[in-house]
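Structural characterization, general
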Amino acid sequence: METEPPKNSPRISVFDFVENSFDELKLIVVAGEKGLKKRFISSARIQKLGLALAGFAHYIHEGRIQIVGKSEIGYLQQLDSSKRYQAVKNLDLQKVCCILVTKNQEPPEELKRIADEEQLPIIQTQDVSSLAINRVSKYLQIVLAPHTTLHGVLMGMYGIGVLMLGESGIGKSECALDLISRGHRLISDDTVLVKKIGDKLEGGSPDLTREHLEIRGLGIINIRDLFGVSSISKNKQIELLIELKKWNEMVEIERLGLETHVEDILGVKLNKIILPVSVGRNLTTLVETAVRVYLLRMSGMNAAETLTEKQRELIRKKSADGA
């Protein structure tokens, strides 16, 4: 029977985990092979099966990989065959997506027999428990990360990921082409895949369109072929949003730069700069400067605040002189 995660929850089948996880794990299926495509992993957290085997079956969390290490194997080996069988049967096996046996240990025959009956995959790795938990968690944090798709252009600029947003035809791709010619890197054009890893957002490109840019009048161009391998990057942590808006559609335009904008994506708040677009404005220079301004602000330097403070000081001085 399938152990279904909640609807819309990120998940992968145990089969995909075995096929695609890190090569260093050297995973081998030793029992329950029929359940590989029927059971699903929906949590990046790993659980050791020891307490559940000892009779505390309610400790099992659905969707987590269950680790069986040296202590669990040792506990089962001290039981006679009937008690081993009962200890495994007492588990809530429908909650268990799979069992990962570490250090190339051989699981008891009773466990393998029940696994085959219940179509519960048992997987073996050469890694010790601590190393296996670390590698498996790292892999699952990536593949099970909450994700979304955004329309925009993602660039690598001055060491950070900059996501340019704006309606179709406003000039994002043309700006990206100019930025690439100035030494910045293209990560994705048009479709940006965004994943939340921890409390950060990482952006990348679909495999099909990676390294390509669509320019009206030129069509689809390959950036690697035109500018070399240094002009592209596979993915990048997104730190700044730059939204391009038509000048005549903006109700109010910031003049001093004191107002800060923030946008929430997948629960992560990102700084956003809104740039008005009109004929005659050098969009590439504006975007490049906006990123430099953001980096200066992050280092504690804010030209608008400095100027405002100077103005206040001047007013205070004049008031004192007048008094």
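Everything that follows concerns the structure shown earlier in this document.
Reference entry: report on the structure contained in this document. (Residues numbered from 1 in each chain as written. Predicted model: local features only at pLDDT ≥ 70, side-chain atom pairs only at ≥ 80, totals over all residues. Heavy atoms only, no water.)

1. Details of the overall build of the protein
Along its length, the protein carries 10 helices and 16 strands. Burial statistics for the protein: of 323 residues in total, 42% are counted as buried. Pairs at least 24 apart in sequence give 71% of the contacts found in the protein among residues at least 6 apart. Within the structure as shown, the protein displays about 17800 Å² of accessible surface, and the carbon and sulfur contribution to it stands at 50%. (Helix = DSSP H or I, 4+ residues; strand = E, 2+ residues; numbered from the N terminus. Buried < 20%, exposed > 50% of the residue type's maximum accessible area, 1.4 Å probe, protein only. Contact = heavy atoms within 4.5 Å. Areas by Shrake-Rupley, 256 points an atom, 1.4 Å probe, with all protein chains shown as cover.)

2. Quick word on the nonpolar core
Ranked by internal contacts, the top residues of the largest apolar core, which has 28 residues, are Met155, Met164, Leu213, Ile242, Leu244 and Val287. Elements that contribute at least two residues to this core include exactly strand 8 (147-157), strand 9 (160-165), helix 7 (172-181), strand 12 (212-215), strand 14 (235-246), strand 16 (268-277) and helix 9 (283-298). Looking at which element gives the most residues to this core, the answer is helix 9, with 5 residues. Ala31, Ala87, Val88 and Ala115 belong to the second largest nonpolar core, which has 21 residues in total. (Core = buried A, V, L, I, M, F, W, Y, C linked by side-chain atoms within 4.5 Å.)

3. What to know about the side chain of Arg39
By the secondary structure assignment, Arg39 is in the loop between strand 2 (28-31) and strand 3 (40-41). No salt bridge is formed by the buried Arg39; its nearest oppositely charged neighbour, Glu118, is found at 4.9 Å. Within the local environment of Arg39, its side chain forms a polar contact with the backbone oxygen of Gln119, the two atoms lying 3.2 Å apart. (Lys, Arg positive; Asp, Glu negative; His and termini not counted. Salt bridge = Lys/Arg side-chain N within 4 Å of Asp/Glu carboxyl O. Polar contact = N/O pair within 3.5 Å; in protein donor to acceptor, adjacent residues only side chain to side chain.)

4. Concerning the packing of helix 4 (residues 81-89) against helix 5 (residues 109-118)
Contact pair helix 4 / helix 5: the axes reach a minimum separation of 9 Å and the direction vectors enclose 40°. Classified by the interaxial angle, the pair formed by helix 4 and helix 5 is oblique. Here the hand of the crossing between helix 4 and helix 5 comes out right-handed. When helix 4 is examined against helix 5, the residues Ser81, Arg84, Tyr85, Val88 and Lys89 are found in contact with a partner set consisting of Glu110, Leu111, Arg113, Ile114, Glu117 and Glu118. Here the contact of helix 4 with helix 5 is composed, by residue class, of 4 nonpolar, 1 polar and 6 charged. (Axes fitted to C-alpha atoms, helices over the stretch in contact; angles between N-to-C directions. Parallel < 35°, antiparallel > 145°, perpendicular 65-115°, else oblique. Left-handed = near helix turned anticlockwise from the far one by under 90°. Nonpolar A, V, L, I, M, F, W, Y, C, P; charged D, E, K, R; others polar.)

5. Points about the environment of Glu33
Relative to the helices and strands, Glu33 resides in the loop between strand 2 and strand 3. Linking Glu33 and Phe15, residues 18 residues apart in sequence, is a C-alpha distance of 8.9 Å.

6. Points about unusual backbone geometry
Backbone geometry at Asp190 places phi at a positive 75°, although glycine is not the residue there. Assessed through its relative accessible area of 34%, Asp190 is described here as partly exposed.

7. A few points about the packing of aromatic side chains
For the coordinates displayed, the defined rule picks out 3 aromatic pairs. Between Phe22 and Tyr139, the aromatic rings sit 5.8 Å apart at their centres with planes inclined by 75°, giving edge-to-face as the arrangement. Note that Phe22 is positioned in the loop between helix 1 (14-20) and strand 2 and Tyr139 in helix 6 (residues 129-143), a separation of 117 residues in sequence. Judged by its relative accessible area of 27%, Phe22 falls in the partly exposed class. Between Phe56 and Tyr59, the aromatic rings sit 5.9 Å apart at their centres with planes inclined by 80°, giving edge-to-face as the arrangement. A residue is classified by how much of its surface remains accessible, and Phe56, at 41% relative accessible area, is partly exposed. Here Tyr59 falls in the partly exposed class, since its relative accessible area comes to 39%. Members of the aromatic cluster, each reached through a chain of ring pairs, are Phe17, Phe22 and Tyr139. (Phe/Tyr/Trp six-rings, centres within 6.5 Å; stacked < 30°, edge-to-face > 60°.)

8. A look at the pattern of salt bridges
All chains considered together, the criterion is met by 13 salt bridges. For Glu211, the salt bridge goes to Arg224, with nearest N and O atoms at 2.8 Å. With Glu211 in the loop between strand 11 (200-204) and strand 12 and Arg224 in helix 8 (residues 223-227), this pair connects stretches of sequence that are 13 residues apart. When its relative accessible area of 35% is taken as the criterion, Arg224 is described as partly exposed.

9. Things to note about a nonpolar patch on the surface
Together, Leu51, Phe56 and Tyr59 line one region of the surface with nonpolar side chains, adding up to about 290 Å² of accessible area. Along the chain, Tyr59 falls in the loop between helix 2 (50-53) and strand 5 (65-68). (Patch = residues over 30% accessible without salt bridge, like charges linked within 9 Å, V, L, I, M, F, W, Y side chains within 5 Å.)

10. Details of the packing of helix 7 against helix 9
Running from N to C, helix 7 and helix 9 cross one another at 70°; their axes reach a closest spacing of 9 Å. Judged by the angle between their axes, helix 7 and helix 9 are roughly perpendicular. With respect to the hand of their crossing, helix 7 and helix 9 are arranged in right-handed fashion. Side by side, helix 7 and helix 9 meet where Cys175, Asp178 and Leu179 of the first sit next to Leu283, Thr284, Val287 and Glu288 of the second. Taken together, the residues of the contact of helix 7 with helix 9 sort by class into 4 nonpolar, 1 polar and 2 charged.

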